[in-house]
Every structure is written in C-alpha cells, then in structure tokens.
Amino acid sequence: MRRPVRTGPRMKGLSQSGFWKSGNPRYYFRRLGEKAVPLPDAKPDSDEFRRAWVAAVEGEPISTKSRIKHRTGSIGSGIRAYLASDDFLSLSAATRGNRRGPLEDIEARYGAGRMTDLKPRHIRTDLGRLSANPANNRLKIWRALCRFWVDAGLIEEDPAISVRKRKVASTIGHEPWLWQDVQAFRDRWPIGTMQRLALELAVSTGAARTDLVRLGPGMLDKEGWLSYRRSKSGGVAVVPLLCELPDWMPHNPYLQECLEIAPRHLTWLSTKRGAARSDKALGTWFSNAARDAGISKGKTLHGIRKLLSVTMAENGAPAEQRMAILGHETEAEARNYSKTASLKKIISGTKFSNSTNSVGKSAK
C-alpha cells in the first residue's frame with residue numbers, strides 16, 4: 001500500500017511503495033492525473049534526492065540509478081555540489097535541462113580528477129573534440145561551473161576565464177517560416193486538429209516552444225490580452241490575442257474558432273488525456289506535422305516566432321512593442337529576431353494585408 005510521504009511543503013507529490021535493496025524506501029513523484037515518476041535510491045534529505053525531485057517537478061528526465069560516490073575535492077564532487085546549488089536550481093527549467101547532460105558527460109570523463117589540478121589547457125582539450133557551436137555552448141557550462149567553484153571556495157583561480165570562444169560563421173539561427181509555409185500547414189491540418197491549434201497559437205503569440213506548452217485560458221484576461229512569464233529569461237510577454245490589434249500586428253481569423261472548439265484543460269496544447277505536453281515532445285510532434293504538410297525539414301516551431309517578429313518589423317512595429325509581445329529583454333535581441341525583415345517594406349511602411357501575407361483563405 002502506498003503511503004504519502006511527509007517531507008514538508010518543499011517536497012510535495014511524493015508517495016512511498018516498498019524499499020530498494022539498499023534499505024532506502026522507494027519513493028515516487030506523482031502529479032494529479034499523470035503517471036508516477038520513480039525517484040532514485042537515496043535518502044530524501046540527500047542532495048541527490050533533492051535534485052531528482054526538482055527534476056520530476058519540472059518534467060525533466062531523471063535516473064533512478066545511484067550516483068558514483070566521488071572523493072572530496074574531485075571534479076565529480078564539484079559537479080554534484082553545483083547541481084545541488086542555488087546557482088543551478090535557480091536557472092529556468094529549460095536551461096537546467098540543457099546543462100544537465102553536458103555536466104554529467106564532464107563528470108563521467110573527468111570526475112576522478114582534482115578540481116585544483118584543472119588547467120585552461122584541459123578545458124581547451126575537452127572543447128577541441130567538438131565543432132564550433134557545440135564547443136561554445138560547452139564552454140558556457142565550464143564557465144558557470146568554475147565560477148561556482150571559485151565562489152564556493154573550492155578553488156582559488158578560475159581556469160575557464162582565459163579559454164576563448166571559437167569563431168563561428170554568422171548565421172540567422174533557426175530559419176524563419178514564410179506565410180506560404182503557414183498556408184501549406186493550414187491546408188494540411190484543418191480546424192479541430194491539435195496540430196492546427198498549435199500553429200494558430202504560435203502564429204498569434206510568437207511564443208517559444210517551452211512557453212507554448214504552458215499557455216492556457218488562465219493566462220487570458222477578460223479583455224482578450226494574454227500575459228505569461230517566459231521560462232527561459234523570466235521576462236513577461238503581453239500579447240493582444242482576442243482583442244483589437246495594432247495595425248502592425250498580423251490578424252489571425254482562425255484562432256478564436258480553434259480555441260472555442262479545443263478541449264477544456266489547464267493548457268490549450270494538452271495531450272489526449274488532458275495533461276500538459278512536454279516542450280521537447282511538442283517540438284518533435286510539430287516538426288513531423290510540418291513535414292507532413294510539405295514544409296522543409298530545416299524549419300522548426302521556433303521559425304514561426306521569427307516569422308511574427310519579421311512581420312511586425314516590416315509593418316512598422318517599434319522595437320519596444322516587439323519586445324513586449326515576444327518577451328525580449330533587450331533591443332539587440334529584438335533586432336536579431338527580425339534580421340530577415342525586408343528593408344524595402346520597413347522603409348516604405350507597408351502594412352499587413354491578408355492577401356500579401358497569406359493569412360487569408362484556408363480549408364476548415
């Protein structure tokens with residue numbers, strides 16, 4: 001018989017069922033209406049258990065295998081300390097998820113070494129195995145890790161400071177969608193399908209994947225304004241969704257109907273069982289739907305966010321307005337997302353029209 005675990009207000013959602021071979025109780029995390037998630041063989045007051053519980057709450061993958069016991073002063077023990085620190089746990093769920101894998105890889109490769117023996121040349125050797133962009137992403141993790149070690153008094157000097165980023169060719173990142181792509185998707189997925197609802201929400205909000213899965217009726221006020229806090233940066237995005245739109249905001253004639261016939265759950269993009277979708281699963285699911293509509297493989301859900309940014313820029317939206325809708329923190333970020341905007345349209349002040357931007361007719 002499963003018994004609720006009384007571990008205080010910070011450890012809600014736990015239940016116990018049986019014991020591990022080690023003698024530790026076997027704990028599970030369960031959210032209402034969802035499958036129970038097994039937690040690792042560890043005591044509930046340990047750092048390992050705490051990290052696993054936080055990962056389960058955030059919907060991140062966790063392992064039930066016990067961690068290797070690292071000796072004091074080793075790189076492995078330093079990584080374990082970082083993963084249990086406020087520096088790491090205060091990051092957004094998306095950032096923690098992106099960092100956890102590389103950190104565990106560093107632990108597996110170099111965990112037995114001593115932190116005090118780590119030199120810049122060792123980090124450069126580690127990065128040398130990778131191409132430019134992955135190497136620069138891994139360097140960010142090394143820098144955050146070494147900075148924590150210095151602040152925690154585990155080492156005296158930061159070995160990552162003198163390691164320079166790799167030069168990379170300038171790119172626009174995720175390829176923006178075109179309105180022709182949006183129309184092709186609409187022609188393939190009629191109103192009433194979850195794929196179509198995902199498209200219309202993405203087109204109207206420009207929300208990133210990690211935020212799109214969280215959007216729901218509770219974020220919409222009586223006047224039709226949508227407000228939410230971004231998972232990545234913590235910044236607030238405010239979108240005129242079901243109300244009168246500014247001239248530079250593309251009008252979406254299909255969104256309201258899609259929302260009216262959508263299943264009634266806490267989030268709009270729910271699963272068949274009514275649960276919220278994971279952002280990673282949403283990305284794969286939507287990419288498959290896009291390819292099924294004949295859209296090139298390189299175009300992802302994030303490209304629709306750029307499409308909205310480009311369209312608003314071409315229609316004369318000031319940077320402050322684009323930042324407010326997309327939740328950008330700086331004007332530089334807003335400019336980066338609208339790099340592919342047509343300079344001719346920006347200069348001439350061409351306004352949005354249903355015919356030229358392919359929002360118009362679509363089969364229901």
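Residues numbered from 1 in each chain as written. Predicted model: local features only at pLDDT ≥ 70, side-chain atom pairs only at ≥ 80, totals over all residues. Heavy atoms only, no water.

**Quick notes on the packing of helix 2 (residues 75-83) against helix 6 (residues 132-151)**
Between helix 2 and helix 6, the least distance of the axes is 10 Å, while the angle of their chain directions is 90°. Taken together, the axes of helix 2 and helix 6 lie roughly perpendicular to each other. Where helix 2 approaches helix 6, its residues Ile 75, Gly 78, Ile 79, Ala 81 and Tyr 82 are matched on the opposing element by Ala 144, Leu 145, Phe 148 and Trp 149. For the contact of helix 2 with helix 6, a count of residues per class yields eight nonpolar, one polar and no charged. (Axes fitted to C-alpha atoms, helices over the stretch in contact; angles between N-to-C directions. Helix = DSSP H or I, 4+ residues; strand = E, 2+ residues; numbered from the N terminus. Parallel < 35°, antiparallel > 145°, perpendicular 65-115°, else oblique. Contact = heavy atoms within 4.5 Å. Nonpolar A, V, L, I, M, F, W, Y, C, P; charged D, E, K, R; others polar.)

**Points about the packing of aromatic side chains**
Tallied over the entire structure, the rule returns seven aromatic pairs. Pairing Tyr 82 with Phe 88 gives two aromatic rings, centres 5.5 Å apart and planes at 65°, and the pair type is edge-to-face. Relative accessible area serves as the criterion here: at 2%, Tyr 82 is assigned to the buried category. An aromatic cluster is present here, built from Tyr 82, Phe 88 and Phe 148 joined pairwise through their rings. The ring of Trp 285 has Arg 277 sitting right over it, with the charged end atom 4.4 Å from the ring centre. (Phe/Tyr/Trp six-rings, centres within 6.5 Å; stacked < 30°, edge-to-face > 60°. Buried < 20%, exposed > 50% of the residue type's maximum accessible area, 1.4 Å probe, protein only. Lys NZ or Arg CZ within 6 Å of the ring centre and 35° of its normal.)

**Remarks on the pattern of salt bridges**
A complete count under the given rule lists 13 salt bridges for this structure. The partner of Asp 126 in a salt bridge is Arg 138, with the nearest N and O atoms 2.6 Å apart. Pair noted here: Asp 126 is in helix 5 (residues 120-127) and Arg 138 is in helix 6, with a separation of 12 residues, a long-range link. With relative accessibility at 0%, the residue Asp 126 sits in the buried group. For Arg 138, a relative accessible area of 8% puts it in the buried group. The partner of Arg 214 in a salt bridge is Asp 211, with the nearest N and O atoms 2.8 Å apart. For Arg 214, a relative accessible area of 30% translates into the label partly exposed. Overlapping salt bridges, with partners in common, bring together Asp 105, Arg 109, Asp 126, Arg 129 and Arg 138 in one network. (Salt bridge = Lys/Arg side-chain N within 4 Å of Asp/Glu carboxyl O.)

**As for helix 13 (residues 319-326)**
Considered for burial, the residues of helix 13 that qualify are Ala 319, Arg 322, Met 323, Ile 325 and Leu 326. Downstream of helix 13 by a residue or two, Gly 327 has a phi angle that is positive, lying close to 75°.

**A closer look at the pairing of strand 3 (residues 25-29)**
Counting buried positions along strand 3 yields four of five residues, so the element is predominantly enclosed. Here strand 3 runs beside strand 4 (residues 37-38); their pairing, made up of two bridges, is antiparallel. Bridge pairing in strand 4 links Tyr 28 to Pro 38. (Pairing = 2+ DSSP bridges.)

**Let's talk about helix 8 (residues 194-205)**
The end-to-end C-alpha separation of helix 8 is 16 Å, in line with the 16 Å expected for 12 residues at 1.5 Å each. With respect to burial, helix 8 is a largely interior element, 12 of its 12 residues being buried. Burial in helix 8 covers these residues: Met 194, Gln 195, Arg 196, Leu 197, Ala 198, Leu 199, Glu 200, Leu 201, Ala 202, Val 203, Ser 204 and Thr 205. Just downstream of helix 8 lies Gly 206, where phi reads positive at about 65°. (Expected span 1.5 Å × (residues − 1).)

**Examining the nonpolar core**
If you look at the biggest cluster of nonpolar residues, it comprises 45 residues, and the most contacted ones within it are Trp 177, Phe 185, Leu 197 and Leu 212. When residues of this core are traced back to their parent elements, those giving at least two are helix 7 (179-188), helix 8, strand 5 (225-229), strand 6 (236-240), helix 10 (255-261), helix 11 (279-292), helix 12 (302-314) and helix 13. The biggest single contributor to this core is helix 8, with seven residues. Ignoring any residue separated from it by four or fewer positions in sequence, one finds Leu 197 in contact with Cys 258, Leu 259, Ala 262, Trp 268 and Leu 269. (Core = buried A, V, L, I, M, F, W, Y, C linked by side-chain atoms within 4.5 Å.)

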